[in-house]
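Here's the letter readout for the chains.
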Amino acid sequence: MTLADTRTADALSIYGEAIGSRLLLGTSQYPSPDTLRRSVEASGAEIVTVSLRRESSGDVKTGQRFFDLLKSFGARVLPNTAGCHTAREAITTAQMAREVFETDWIKLEVIANDDTLQPDVYGLVDAAEKLTRDGFKVLPYCTEDLSVAQRLVGAGCQVLMPWAAPIGSARGLMNPYGLKTLRAFYPDLPLIVDAGLGAPSHAALALEMGYDGVLINTAVAKAADSVAMAVAFAKAVEAGRMAYRSGIMPPRDMASPSSPVAGLALL
Ligand SMILES: CC(=O)[C@@H](O)[C@H](O)COP(=O)(O)O
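Residues numbered from 1 in each chain as written. Predicted model: local features only at pLDDT ≥ 70, side-chain atom pairs only at ≥ 80, totals over all residues. Heavy atoms only, no water.

Looking at the site of the ligand
Reasoning step 1: In the neighbourhood of the ligand, 13 residues make up the surrounding shell, with Lys107, Gly168, Gly196, Asn217 and Thr218 lying closest.
Reasoning step 2: At a separation of 2.9 Å, an oxygen atom of the ligand approaches a polar backbone atom of glycine 196.
Reasoning step 3: The separation between an oxygen atom of the ligand and a polar main-chain atom of asparagine 217 is 2.8 Å.
Reasoning step 4: For the ligand, the accessible surface in isolation is 350 Å², of which the surrounding protein chains cover 92%.
Reasoning step 5: Taking a 2 Å distance to the grid points as the criterion, the majority of the atoms of the ligand fall inside the largest pocket.
Reasoning step 6: Looking at side-chain class alone, the shell around the ligand contains four nonpolar, six polar and three charged residues. (Near = heavy atom within 4 Å. Polar contact = N/O pair within 3.5 Å; in protein donor to acceptor, adjacent residues only side chain to side chain. Areas by Shrake-Rupley, 256 points an atom, 1.4 Å probe, with all protein chains shown as cover. 1 Å grid on protein atoms, 1.4 Å probe; cavity = no way out; pocket = protein on both sides within 12 Å on 5 of 7 lines; lining within 4 Å. Sits in = over half its atoms within 2 Å of the grid points. Nonpolar A, V, L, I, M, F, W, Y, C, P; charged D, E, K, R; others polar.)

Topic: the environment of glycine 210
Reasoning step 1: With respect to the secondary-structure elements, glycine 210 resides in the loop between helix H9 (200–208) and strand E10 (213–216).
Reasoning step 2: Looking at glycine 210, the relative accessible area reads 3%, which means it is buried.
Reasoning step 3: Remark: the alpha-carbon pair of glycine 210 and valine 121, spanning 89 residues in sequence, is separated by 24 Å.
Reasoning step 4: Sequence-distant contacts of glycine 210, defined by excluding residues within four places in its chain, comprise Arg183 and Tyr244. (Helix = DSSP H or I, 4+ residues; strand = E, 2+ residues; numbered from the N terminus. Buried < 20%, exposed > 50% of the residue type's maximum accessible area, 1.4 Å probe, protein only. Contact = heavy atoms within 4.5 Å.)

Considering the UniProt feature "active site" (unreviewed entry) in the protein
Reasoning step 1: With numbering aligned to this structure, UniProt lists the feature "active site" (unreviewed entry) at Lys107.
Reasoning step 2: With respect to the helices and strands, the residue lysine 107 is situated in strand E6 (residues 105–108).
Reasoning step 3: Not counting residues up to four positions away in its chain, the partners in contact with lysine 107 are Thr49, Leu78, Pro79, Asn80, Thr81, Leu139, Tyr141, Met161, Asp194 and Leu215. (UniProt positions renumbered as here; feature names shortened; annotations may be inferred.)

Remarks on the UniProt feature "binding site: 1-deoxy-D-xylulose 5-phosphate" (unreviewed entry) in the protein
Reasoning step 1: Per the UniProt record, "binding site: 1-deoxy-D-xylulose 5-phosphate" (unreviewed entry) is found at Gly168, Ala195, Gly196, Asn217 and Thr218. Separation in sequence by 51 residues is not matched in space for these annotated residues, since their most distant C-alpha atoms are only 8.9 Å apart. The subset of the named residues that lines the largest pocket consists of Gly168, Ala195, Gly196, Asn217 and Thr218.
Reasoning step 2: Residue position: alanine 195 is located in the loop between strand E9 (192–194) and H9.
Reasoning step 3: Taking relative accessible area as the criterion, alanine 195 reaches 8% and is therefore assigned buried.
Reasoning step 4: Within the secondary structure, asparagine 217 sits in the loop between E10 and helix H10 (218–221).
Reasoning step 5: Other than its neighbours up to four places away in sequence, asparagine 217 contacts Gly26, Thr27, Ser28 and Tyr30.
Reasoning step 6: A polar contact is formed between the side chain of asparagine 217 and the backbone oxygen of serine 28, at a distance of 2.9 Å.

A few points about helix H8 (residues 176–185)
Reasoning step 1: For H8, every residue scored as buried is listed here: Gly178, Leu179, Leu182 and Arg183. When H8 is viewed along its axis, its buried side chains cluster within an angular range of 140° and face the same direction. Residues of H8 that are exposed and point more than 90 degrees away from the buried face comprise Tyr177, Lys180 and Ala184.
Reasoning step 2: Buried residues in H8 make contact with helix H7 (146–154) and strand E8 (161–162). (Arc of directions from axis to C-beta.)

With respect to the layout of surface pockets
Gaps left between atoms show up when a probe the size of a water molecule is rolled over them.
Reasoning step 1: There is about 510 Å³ of room inside the largest pocket.
Reasoning step 2: Within the residue set of the lining of the largest pocket, elements represented by two or more residues are strand E4 (47–51), helix H3 (52–55), E10 and H10.
Reasoning step 3: Ranked by residues supplied to the lining of the largest pocket, first place goes to E4 with three residues.
Reasoning step 4: Within the lining of the largest pocket, the residues separate by chemical class into eleven nonpolar, twelve polar and five charged. (Points joined across faces, edges and corners; volume = space filled by probe spheres on them.)

Quick look at the packing of aromatic side chains
Reasoning step 1: Per the counting criterion, the structure on display carries three aromatic pairs.
Reasoning step 2: An angle of 55° between the planes, with centres 6.1 Å apart, marks the rings of tyrosine 15 and tryptophan 105 as tilted. Of the two residues, tyrosine 15 sits in the loop between strand E1 (12–14) and strand E2 (17–19) while tryptophan 105 sits in strand E6, which places them 90 residues apart along the sequence.
Reasoning step 3: Ring centres of phenylalanine 67 and phenylalanine 101 lie 5.0 Å apart, and the angle between their planes is 70°; on these two criteria the pair is classed as edge-to-face. In this pair, phenylalanine 67 is assigned in helix H4 (residues 60–71) and phenylalanine 101 in helix H5 (residues 87–101), connecting sequence segments 34 residues apart.
Reasoning step 4: For the cation-ring pair, arginine 76 lies above tryptophan 105, with the distance from its terminal atom to the ring centre recorded as 3.6 Å. (Phe/Tyr/Trp six-rings, centres within 6.5 Å; stacked < 30°, edge-to-face > 60°. Lys NZ or Arg CZ within 6 Å of the ring centre and 35° of its normal.)

Here's the deal with the packing of helix H2 (residues 33–43) against helix H11 (residues 226–246)
Reasoning step 1: Close contact between H2 and H11 brings their axes to 8 Å; oriented N to C, the two are set at 25°. Looking at the two axes, H2 sits roughly parallel to H11. Crossing hand, H2 versus H11: right-handed. For the pair H2 and H11, the contacting residues are Thr35, Arg38, Ser39, Ala42 and Ser43 in the first and Ser226, Val227, Ala230, Val231 and Ala234 in the second.
Reasoning step 2: Classifying every residue of the contact of H2 with H11 gives five nonpolar, four polar and one charged. (Axes fitted to C-alpha atoms, helices over the stretch in contact; angles between N-to-C directions. Parallel < 35°, antiparallel > 145°, perpendicular 65-115°, else oblique. Left-handed = near helix turned anticlockwise from the far one by under 90°.)

The following block contains the structure:
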């Protein structure tokens, strides 16, 4: 079986659409537009996310040029509401994003405070309820908290994006127990780890745990060689997924000989 075969047979499904790559990329902080383009191409990512608010906060023409650049990549552009601190701001931003990118998909972020960039889970649920009622397909950036997940699913979200660690922290999976619990509670719901992954091994671990994908921005954008790091993450995601599907050996407390003991000469 080749890598290409595996991808086709094992596509991720989000809101009924097949997505070939389980690596999603953020598009901010790259050293240049060309590095961003080459990183996206090299990674094979089929979804790239962009902050409508951040990228359009300066010169309108510059924002529009950046949006046009993203559209030219051929990947699905997933607008996000980064920088929004209230449900109301997030809803307005989502409505603008729907017009700019002609998509009803929105990565919903409502931020509780600027130090941790932790999701404001109350505002998030509120915004998710209103946006799904308005026809949006919401991909919420949330914590691993089970009760929040239940509220979001109840609000109509068909995918969740729990954080691994604070955005840009590169700390990896801070609460693997909580993430495992969430995975076990929702075995069939697409779950994508979003934020705080710093190394390809973090991404591989998320996929080995059964997570359906990961979203990375800072660790690729800020790498000394973003293009190579994008490839490294893509390989880690493929490896983690394949390992998960292959049945990972559970750890044992005691040694167990890996070579046969039967038939040894008695000395
Ligand atoms: C880009 C995005 O949508 C964010 O959720 C976040 O930036 C991703 O986190 P990292 O930058 O830590 O990868």
